[in-house]
Amino acid sequence: MAGKAFDKIMDGLTDALAYAEGDKSRGKAHEVEVPVIDVRAARKELGLTQEKFAEAFKISASTLRKWEQGTRQPRGPARALLMVIEKEPEAVRRALAS
């Protein structure tokens, strides 16, 4: 059983390396577009200062300022968190409540 799993993983890695080196016949790229969140607009929609927003959602105030100024962009889990905050802020607050 473990041998089969290893073989499948190894085949996948071999295909991924071949694809990365230009052999497009051995795989297919999938791109997922995650929309850019207007952090300032999301914060203002909630009527919160930067400090209160950062505190409520466990985000560094410095990072929040950089996102709003455009000197940094939220990535990965932070971007996903901001999407949920934008759509369901109370759910995030409940989840983060101590």
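Scope of this entry: the structure provided in the associated data block. (Residues numbered from 1 in each chain as written. Predicted model: local features only at pLDDT ≥ 70, side-chain atom pairs only at ≥ 80, totals over all residues. Heavy atoms only, no water.)

### Some details on the overall build of the protein
Phase 1 of the analysis: Check the secondary structure of the protein and you find six helices and zero strands.
Phase 2 of the analysis: From first element to last, N terminus to C terminus, the protein shows the α and β order α-α-α-α-α-α.
Phase 3 of the analysis: Radius of gyration (C-alpha) of the protein: 20 Å, far over the 13 Å computed for a compact globule of 98 residues.
Phase 4 of the analysis: Reported as C-alpha extents along the three principal axes, the dimensions of the protein are approximately 55 × 30 × 20 Å.
Phase 5 of the analysis: Split into buried and exposed, the 98 residues of the protein put 20% on the buried side.
Phase 6 of the analysis: Within the protein, contacts between residues separated by at least 24 positions form 48% of all contacts whose residues are at least 6 apart in sequence.
Phase 7 of the analysis: Of the roughly 7,500 Å² of accessible surface on the protein, 55% is carried by carbon and sulfur atoms.
Phase 8 of the analysis: Charged side chains in the protein number 18 positive and 15 negative. The centres of these two groups are separated by 5 Å. (Helix = DSSP H or I, 4+ residues; strand = E, 2+ residues; numbered from the N terminus. Rg over C-alpha atoms; globule rule 2.2 N^0.38 Å. Buried < 20%, exposed > 50% of the residue type's maximum accessible area, 1.4 Å probe, protein only. Contact = heavy atoms within 4.5 Å. Areas by Shrake-Rupley, 256 points an atom, 1.4 Å probe, with all protein chains shown as cover. Lys, Arg positive; Asp, Glu negative; His and termini not counted. Charge placed at Lys NZ, Arg CZ, Asp CG, Glu CD.)

### Focus on the pattern of salt bridges
Any two side chains of opposite charge can pair, given that their charged atoms come close.
Phase 1 of the analysis: Across all of its chains, the model carries three salt bridges by this definition.
Phase 2 of the analysis: Here Glu68 makes a salt bridge to Arg40, at a shortest N to O gap of 3.5 Å. Within this pair, whereas Glu68 is found in helix α4 (residues 61-69), its partner Arg40 is found in helix α2 (residues 39-45), the two being separated by 28 residues in sequence.
Phase 3 of the analysis: Note that Arg93 is salt-bridged to Glu90, the shortest N-O span being 2.6 Å. Of this pair, Arg93 and Glu90 both sit in helix α6 (residues 89-96), three residues apart, roughly one helical turn.
Phase 4 of the analysis: Among the charged side chains, a network of salt bridges with common partners joins Arg40, Arg43 and Glu68. (Salt bridge = Lys/Arg side-chain N within 4 Å of Asp/Glu carboxyl O.)

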